[in-house]
Amino acid sequence: MHNIYALMKNHLVAHILNRVADYMELRGDEFRTKAYRRAARTVEFLGEDIEDVAAQGRLRELPGIGENIAAKIEEILSTGSLSLLERLAGEYPVDLDSLLSVEGVGPKTVKLLYEELGIKTLDDLEEQARRHRIRRLRGMGEKKEAMILRNIELARSRISRRPLAYVVPLASRIKSELLELEGVRRVEVAGSIRRGRETVGDIDILVTATDPHRVMDHFTSMDLVEEVVVKGPKKSTVRLREGLDCDLRVFDDEVFGAALLYFTGSWEFNVELRRIAISSSMKLSEYGLFRGDERVAGRTEAEVLEALGLTYIEPELRENRGEVAAAAEGKLPDLVNLSDIRGDLHMHTLFSDGIDAMEYMAEYASILGREYIAFTDHARYIDDVDAYLRAAERIEDVEVLAGVEVNILYDGSLEVPDKILQDFDLVVASIHDPGNITERLLRAMEHDPVDIIGHPTGRVLGSPDPLVDMERVVERASELGVALEVNSNPLRLDLRDTHVRMAVDAGCRIAINSDAHSRGALENIRWGVITARRGWAEPDDVINTMGIRKLRRWLGN
DNA sequence: GCCGTTTTCGGCCCGACTGTTTTCAGTCG
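Residues numbered from 1 in each chain as written. Chains lettered and ligands numbered in written order. Predicted model: local features only at pLDDT ≥ 70, side-chain atom pairs only at ≥ 80, totals over all residues. Heavy atoms only, no water.

Asker: It is not clear to me how the overall build of chain A should be interpreted in this structure. Could you clarify?
Answerer: The helix and strand inventory of chain A stands at 24 helices and 17 strands. A compact globule built from 557 residues should have a C-alpha radius of gyration of about 24 Å, and chain A, at 26 Å, falls within 12% of that. Seen through its principal axes, chain A has C-alpha atoms that stretch 80 × 65 × 50 Å. Burial statistics for chain A: of 557 residues in total, 52% are counted as buried. Sequence separation of 24 or more characterises 67% of the internal contacts of chain A that already satisfy a separation of 6 or more. If you average the places of the 74 positive and of the 99 negative side-chain charges in chain A, the two averages end up 7 Å apart. (Helix = DSSP H or I, 4+ residues; strand = E, 2+ residues; numbered from the N terminus. Rg over C-alpha atoms; globule rule 2.2 N^0.38 Å. Buried < 20%, exposed > 50% of the residue type's maximum accessible area, 1.4 Å probe, protein only. Contact = heavy atoms within 4.5 Å. Lys, Arg positive; Asp, Glu negative; His and termini not counted. Charge placed at Lys NZ, Arg CZ, Asp CG, Glu CD.)

Here is the structure:
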């Protein structure tokens, strides 16, 4: 279904359509803006090659794509660009991306700034603001000018999304601080944190409280707060010292479920729910599900979903990737939980580049409730295999598999002969340098001793994903009975969610491992579980939910 | 520009907040 080249073409088309939407918005053409945005989203989230769809004449079957936009997509696919976009860009020759990235500046303001002051770039904007030219414009004033000046700095130094694992502790701290306030009944972290997205742009928190003003006062004066962006009785936004924004909203108990649903998103998921509501002559908002003026649901998420004819949908699934249709048919997966994880099959100790001894790793793993673990030190560090195996054998806190992590070389061969690998209970094969990933993985899996492919694509958050034809990898892994790893290192999360979904659909097993290099990092497995859940994985898809006996049989030892 | 067990024309999510106004436009989520 997915392959990387398709996604690249899809991305190009979506990008250009979004660009057109920006200009339409600038022109004030509200409805064409929406039409182009919707079409862009459709293409971006389409799970197949847009070129195939075009070749088969099916473009117009896609939601939000009609005669006109279909023709535009054809043009983009055949020429790589769009004449309409060039015309629009000529009409307003401004650096749209930069200007729109200034908080508080939208398309209407960009238009005004360009037409009145000829502002095209961030530098132009800064200069005119410093010269107090902005405040003279209609609808502007001293405060707006000062705000723009402040936010230009932020736009320039904008820190992009943070890893989930970095933001969760921050959100938890705010949550517990709010929970201590008198009259606060409920506090929930919503947004992309609740959905478990691998990176997070801001923190969304919802509360119910008897005295909203008091909550807002406390929230906006927390130690963590750098600056109050907005403050009202129902909604406040602060910029935290860590550099990201945090929103707080207060709701009544009767609508808390609807609000939680709404502010958990995703946006695409919400659109889908609203569509269902409308088709049943109802209206869904953060204040509940309404038929006419009567609220038919709102107290809990489950209540709202049920009233829409849907079973409960776990937050990790709410990305409009088919979960709504599955919920309508009662066919959602029974997702894997952290408590289903019985062992950890990838970790390092003092025998290679880990910082803790086998004993300490085992002790802590046991505290975390793991029934078994596999030591998988790097093969090149293990010069005395027997000593390594004996050391692993002496561990008592948990069942131990004496494993090894072996490098996949550039030609797809392994750095250690199969004959030696056979002495280990478990072999994780992984790539640690870029290039030729697909072919190397396919070749490495052919080696009989290999049980698991570690961090298959080698991607690291913040860098572009390496090119991998995951469809082929997943298919071959499934045939050969090799498991693909979900590496739980919060900067890897590799396989990523969409790849997990491909693996699960293909019947390929996955292993959710910590790849810990220290005791503490054993806890990282929670991030891998979230990623697997986002990929629709059930316990049976995951080899380390098996008991040790069953796992040993699966491994063939 | 798209779309239809409300419609082939007339809608398109909508509420909160701010700064600018003197009743509202723009932005954000």
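Back to the write-up after that little detour.
Asker: What exactly am I supposed to notice about the packing of helix H2 (residues 30-44) against helix H4 (residues 67-79) here?
Answerer: A pair of packed helices is captured by two measures, namely the crossing angle of their axes and the spacing between those axes. The N-to-C vectors of H2 and H4 enclose an angle of 55°; their axes lie 11 Å apart at closest approach. When the axis of H2 is compared with that of H4, the two are oblique. The two elements H2 and H4 meet at a crossing, and its hand is right-handed. Of H4, the residues touching H2 (which contributes Ala35, Tyr36, Ala39 and Val43) are Asn68, Ile69, Lys72 and Ile73. Here the residues of the contact of H2 with H4 sort into six nonpolar, one polar and one charged. (Axes fitted to C-alpha atoms, helices over the stretch in contact; angles between N-to-C directions. Parallel < 35°, antiparallel > 145°, perpendicular 65-115°, else oblique. Left-handed = near helix turned anticlockwise from the far one by under 90°. Nonpolar A, V, L, I, M, F, W, Y, C, P; charged D, E, K, R; others polar.)

Asker: Would you mind showing me how to read the packing of aromatic side chains here?
Answerer: Two aromatic rings, taken as a pair, are described by how far apart their centres are and by the angle between their planes. For the coordinates displayed, the defined rule picks out six aromatic pairs. Relative to Tyr114, the ring of Tyr92 lies with its centre 6.0 Å away and its plane at 70°, an arrangement referred to as edge-to-face. With a gap of 22 residues between them, Tyr92 in the loop between helix H5 (83-91) and helix H6 (96-100) and Tyr114 in helix H7 (residues 107-117) connect regions that are remote in the sequence. Cluster of aromatic residues (ring-pair linked, three or more members): Phe251, Tyr262, Phe263 and Tyr287. The side chain of Arg501 reaches across the aromatic face of Trp536, ending 3.8 Å from its centre. Looking at Arg526, its charged tip hangs above the ring of Trp527, at a distance of 4.2 Å from the centre. (Phe/Tyr/Trp six-rings, centres within 6.5 Å; stacked < 30°, edge-to-face > 60°. Lys NZ or Arg CZ within 6 Å of the ring centre and 35° of its normal.)

Asker: How should empty space enclosed by the protein be read in this particular structure?
Answerer: Think of a ball as big as a water molecule: rolled over the atoms, this probe shows where empty space is left. Going through the model one piece at a time under the given rule, you end up with two cavities of 30 Å³ or more. A volume near 50 Å³ is recorded for the largest cavity. Within the residue set of the lining of the largest cavity, elements represented by two or more residues are helix H13 (256-264), helix H14 (267-279) and strand S8 (283-285). Taken as a whole, the second largest cavity holds about 30 Å³ of empty space. Every residue along the wall of the second largest cavity is listed here: Gly196, Arg197, Glu198, Asp497, Thr531 and Arg534. Split into classes, the residues belonging to the lining of the second largest cavity amount to no nonpolar, two polar and four charged. (1 Å grid on protein atoms, 1.4 Å probe; cavity = no way out; pocket = protein on both sides within 12 Å on 5 of 7 lines; lining within 4 Å. Points joined across faces, edges and corners; volume = space filled by probe spheres on them.)

Asker: What am I meant to see in the confidence of the model for chain A here?
Answerer: Low-confidence regions, as indicated by low pLDDT, have predicted coordinates that should not be scrutinised in detail. Taken over all residues, the pLDDT of chain A has a mean of 91, while the share at 70 or more is 98%. Here residues 1-6 is a poorly scored stretch, pLDDT under 50, and it has 12 contacts once near neighbours within four places are set aside; other chains count. (pLDDT = per-residue confidence, 0-100.)

Asker: Is there a simple way to think about the UniProt feature "domain: Polymerase/histidinol phosphatase N-terminal" (unreviewed entry) in chain A in this case?
Answerer: Mapped onto this numbering, the UniProt entry gives "domain: Polymerase/histidinol phosphatase N-terminal" (unreviewed entry) at residues 343-410. For residues 343-410, helix accounts for 28% and strand for 26%, while the C-alpha atoms at its two ends are 31 Å apart. (UniProt positions renumbered as here; feature names shortened; annotations may be inferred.)

Asker: Sorry, what's going on with the sheet that holds strand S4 (residues 202-209) here?
Answerer: Sheet strands associate in pairs through backbone hydrogen bonding, adopting either a parallel or an antiparallel arrangement. Spatial ordering of the open sheet is given by S2-S4-S7-S6-S5, a layout of five strands whose pairing is mixed. One side of each edge strand has no neighbouring strand; the edge strands of this open sheet are strand S2 (184-189) and strand S5 (225-231). On average, adjacent strands in this sheet sit at an angle of 20° to one another, irrespective of strand direction. Sitting on the sheet, helix H12 (residues 212-220) touches S2, S4, S5, strand S6 (235-240) and strand S7 (245-250), and the angle it makes with S7 is about 170°. (Pairing = 2+ DSSP bridges.)

Asker: Would you mind going over the side chain of Thr349 with me for this structure?
Answerer: One can find Thr349 in the loop between strand S11 (343-344) and helix H17 (358-367). Classification of Thr349 as buried rests on a relative accessible area of 0%. At 2.7 Å, the side chain of Thr349 forms a polar contact with the side chain of Asp377. For Thr349, the residues in contact, after removing those within four places along its chain, are Gly354, Asp356, Ala357, Met358, Met361, Phe375 and Asp377. (Polar contact = N/O pair within 3.5 Å; in protein donor to acceptor, adjacent residues only side chain to side chain.)

Asker: Help me understand helix H9 (residues 142-156) in this model?
Answerer: Residues that lie three or four places apart on an α-helix share one face, since the helix turns once every 3.6 residues. Between the first and last C-alpha of H9 there are 22 Å, a value that for 15 residues agrees with the 21 Å anticipated at 1.5 Å per step. Considered for burial, the residues of H9 that qualify are Glu145, Ile148, Asn151, Ile152 and Ala155. The buried residues of H9 all sit within an arc of 135° when viewed along its axis, so they share a single face. In H9, the exposed positions that point more than 90 degrees away from the buried face belong to Glu142 and Lys143. At its buried positions, H9 is contacted by helix H8 (122-130) and S6. (Expected span 1.5 Å × (residues − 1). Arc of directions from axis to C-beta.)

Asker: I tried to follow unusual backbone geometry on my own but got confused; where do I start?
Answerer: Among all residues save glycine, negative phi is the norm, and among peptide bonds the norm is trans. Cis geometry marks the peptide bond from Gly265 to Ser266; its omega dihedral reads 0°. Here Ser266 lies in the loop between H13 and H14. Cis geometry is adopted by the peptide bond preceding Leu495, which originates at Asp494 and carries an omega value of 5°. Of note, Asn436 is a non-glycine position whose phi angle comes to about 55°, a positive value. As for its placement among the helices and strands, Asn436 is situated in the loop between strand S14 (426-430) and helix H20 (437-445). Positive phi, normally seen in glycine, also occurs at Trp536, with a value near 65°. Looking at the element boundaries, Trp536 is found in the loop between helix H23 (525-534) and helix H24 (548-555).

Asker: Can you help me understand the pattern of salt bridges in this one?
Answerer: When charged atoms on two side chains of opposite charge get close, those side chains can pair. For the structure on display, the rule yields 43 salt bridges. Of the charged contacts, one joins Arg321 and Asp497 as a salt bridge, the two residues approaching to 3.6 Å between their closest N and O atoms. Taken as a pair, Arg321 in the loop between helix H15 (301-307) and helix H16 (323-328) and Asp497 in helix H22 (residues 497-505) lie far apart in primary sequence, 176 residues in all. We classify Arg321 as partly exposed; its relative accessible area is 28%. Residue Asp497 is classed as buried on the basis of its relative accessible area of 6%. One salt bridge in this structure joins Arg519 and Asp356, with 3.4 Å as the shortest N-O distance. (Salt bridge = Lys/Arg side-chain N within 4 Å of Asp/Glu carboxyl O.)

Asker: Please clarify how the protein's contact with DNA strand B should be interpreted in this entry.
Answerer: In the vicinity of DNA strand B lie 40 residues, with Gly66, Gly106, Thr109, Gly141 and Lys235 positioned nearest. When atoms of DNA strand B within 4 Å of the protein are sorted by moiety, sugar and phosphate together comprise 81%. The backbone of Gly104 places a nitrogen or oxygen atom 2.8 Å from a phosphate oxygen of DNA strand B. The contact in question runs from a phosphate oxygen of DNA strand B to an N or O atom on the backbone of Glu142, over 3.4 Å. (Near = heavy atom within 4 Å.)

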